[in-house]
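# Coordinate inspection notes
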Amino acid sequence: MKTKIIALSILLFIVSIGGAFACEVCKSKQPKGFADITHGSGPGSNLEYFIVWGAAILVTITLGLSLKFLIKPQENQPDHIKNSILDHL
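Keep in mind it's a predicted model, so treat the numbers as computed, not measured.

### So, the overall build of the protein chain
- The helix and strand tally for the protein chain stands at four helices and zero strands.
- For the protein chain, the sequential pattern of α-helices and β-strands runs α-α-α-α.
- Per-residue burial for the protein chain yields a buried fraction of 8% across its 89 residues.
- In the protein chain, once contacts between residues fewer than 6 apart in sequence are set aside, the share between residues at least 24 apart is 5%.
- For the protein chain, the exposed area adds up to about 7,600 Å²; of that, 70% sits on carbon and sulfur atoms.

Here you go:
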């Protein structure tokens, strides 16, 4: 339970600092959903929206899985490669 709270806190912190990257001029030129993310004009067509949201979903899944395996790796088998290295130390 404690690891879930820590992971959620880190995720909320990362999401909360997103608004600090765009200036006022860029905010006015970007579409509604991307107004606070970055500088520039933002996605212009439906294909670009698909690419951006697809990449965001992949990054979120990758981040979640990497945190999961870092927090609880579940490497308890005696024949795991980690154990063969640690046995020689």
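### Focus: the environment of Lys72
- With respect to the helices and strands, Lys72 occurs in the loop between helix H3 (46–71) and helix H4 (81–87).
- A relative accessible area of 57% places Lys72 in the exposed class.
- The spatial distance from the C-alpha of Lys72 to the C-alpha of Thr3 is 9.2 Å, given a sequence separation of 69 residues.

### Describing a nonpolar patch on the surface
- A surface patch of nonpolar side chains, about 460 Å² in accessible area, is lined by Leu8, Leu11, Leu12, Val15 and Leu63.
- Among the elements that line the nonpolar patch, the one with the most residues is helix H1 (residues 2–16), at four residues.
- Within the secondary structure layout, Leu8 lies in helix H1.
- The class of Leu8 is partly exposed, set by a relative accessible area of 49%.

Cut-off values and rules
Residues numbered from 1 in each chain as written. Predicted model: local features only at pLDDT ≥ 70, side-chain atom pairs only at ≥ 80, totals over all residues. Heavy atoms only, no water. Helix = DSSP H or I, 4+ residues; strand = E, 2+ residues; numbered from the N terminus. Buried < 20%, exposed > 50% of the residue type's maximum accessible area, 1.4 Å probe, protein only. Contact = heavy atoms within 4.5 Å. Areas by Shrake-Rupley, 256 points an atom, 1.4 Å probe, with all protein chains shown as cover. Patch = residues over 30% accessible without salt bridge, like charges linked within 9 Å, V, L, I, M, F, W, Y side chains within 5 Å. Salt bridge = Lys/Arg side-chain N within 4 Å of Asp/Glu carboxyl O.

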